[in-house]
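Each chain, written out:
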Amino acid sequence: MSNQNYVFLMDCVDFSEAQVIRSFLMAQGLHPRVKDEQTRGVAPHFENLLGKLTLEIPEHEYMEASQLLESREQPRIQIVTVQEVDTEALAKKALWNAILGCVFVPLLCNFYSMVLGYRVLRQERPLGRVSRNRLLLAILFNSIAFYGWLYFGPKLFPIHF
């Protein structure tokens, strides 16, 4: 066995995974080895120096070992459901809230408009020309409203302590 050429089979996350896979392959009559297994057992502080845990197999057993591992591996399918958000409607709502914040209900509507704008941008989906313009106008109106209410508000409604 010592004169056989060993080839790379796989990298393992940790020592336990390497031992389980090695035991499985040995039970199938193959002869795998964990590269630098003895060094890791004696000097675990060399783990960063040695790099990843590598499982090796004799060259003539490679195809059989890889087929065995592929047959045992469960497919990793993850179903992700994404809640669809209508960015067009949110951009329109953000613009109307920004305008209301400038005219009628100060600051409160502007904060809500900014939250809606953030929700649109967070989707990271391409926007249509109309929605992009609405979002830019909402940002402009929010800026004007904040400037106006923060600059002129204290002069209109002085608070004396």
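Draft legend 1. Up close: the packing of aromatic side chains. Within this structure, the stated rule accounts for two aromatic pairs. A centroid spacing of 5.2 Å and a plane angle of 65 degrees characterise the contact between phenylalanine 111 and phenylalanine 146, whose relative ring orientation is edge-to-face. Of this pair, phenylalanine 111 sits in helix H6 (residues 108-122) while phenylalanine 146 sits in helix H7 (residues 129-156), and the two are 35 residues apart along the sequence. For phenylalanine 146, a relative accessible area of 16% gives the class buried. Seen from their ring centres, tyrosine 147 and tyrosine 151 are 5.6 Å apart, and the 5 degrees between their planes marks the pair as stacked.

Draft legend 2. Structural detail: the sheet that holds strand S1 (residues 6-12). Spatial ordering of the open sheet is given by S1-S3-S2, a layout of three strands whose pairing is antiparallel. Two strands close off the open sheet at either side, each with one partner strand: S1 and strand S2 (33-34). One ladder, built from six bridges, connects S1 with strand S3 (residues 53-58); its direction is antiparallel. Looking across to S3, one finds that tyrosine 6 is bridged to proline 58. Helix H4 (residues 62-72) rests against S1 and S3 of the sheet, and its axis sits at about 20 degrees to S1.

Draft legend 3. A look at the pattern of salt bridges. Going through the model one piece at a time under the given rule, you end up with one salt bridge. Between glutamate 56 and arginine 33 there is a salt bridge, with its nearest N and O atoms 2.9 Å apart. Of this pair, glutamate 56 sits in strand S3 while arginine 33 sits in strand S2, and the two are 23 residues apart along the sequence. Exposure remark for glutamate 56: the relative accessible area of 11% places this residue in the buried category.

Draft legend 4. Main features of a nonpolar patch on the surface. The grouping of Tyr147, Tyr151, Phe152, Leu156 and Phe157 at the surface amounts to a nonpolar patch, some 610 Å² of accessible area in total. Here tyrosine 151 lies in helix H7. Judged by its relative accessible area of 40%, tyrosine 151 falls in the partly exposed class.

Each value, and the rule that gives it
- Residues numbered from 1 in each chain as written.
- Predicted model: local features only at pLDDT ≥ 70, side-chain atom pairs only at ≥ 80, totals over all residues.
- Heavy atoms only, no water.
- Phe/Tyr/Trp six-rings, centres within 6.5 Å; stacked < 30°, edge-to-face > 60°.
- Helix = DSSP H or I, 4+ residues; strand = E, 2+ residues; numbered from the N terminus.
- Buried < 20%, exposed > 50% of the residue type's maximum accessible area, 1.4 Å probe, protein only.
- Pairing = 2+ DSSP bridges.
- Contact = heavy atoms within 4.5 Å.
- Axes fitted to C-alpha atoms, helices over the stretch in contact; angles between N-to-C directions.
- Salt bridge = Lys/Arg side-chain N within 4 Å of Asp/Glu carboxyl O.
- Patch = residues over 30% accessible without salt bridge, like charges linked within 9 Å, V, L, I, M, F, W, Y side chains within 5 Å.
- Areas by Shrake-Rupley, 256 points an atom, 1.4 Å probe, with all protein chains shown as cover.

None of this, on its own, says anything about what the molecule does.
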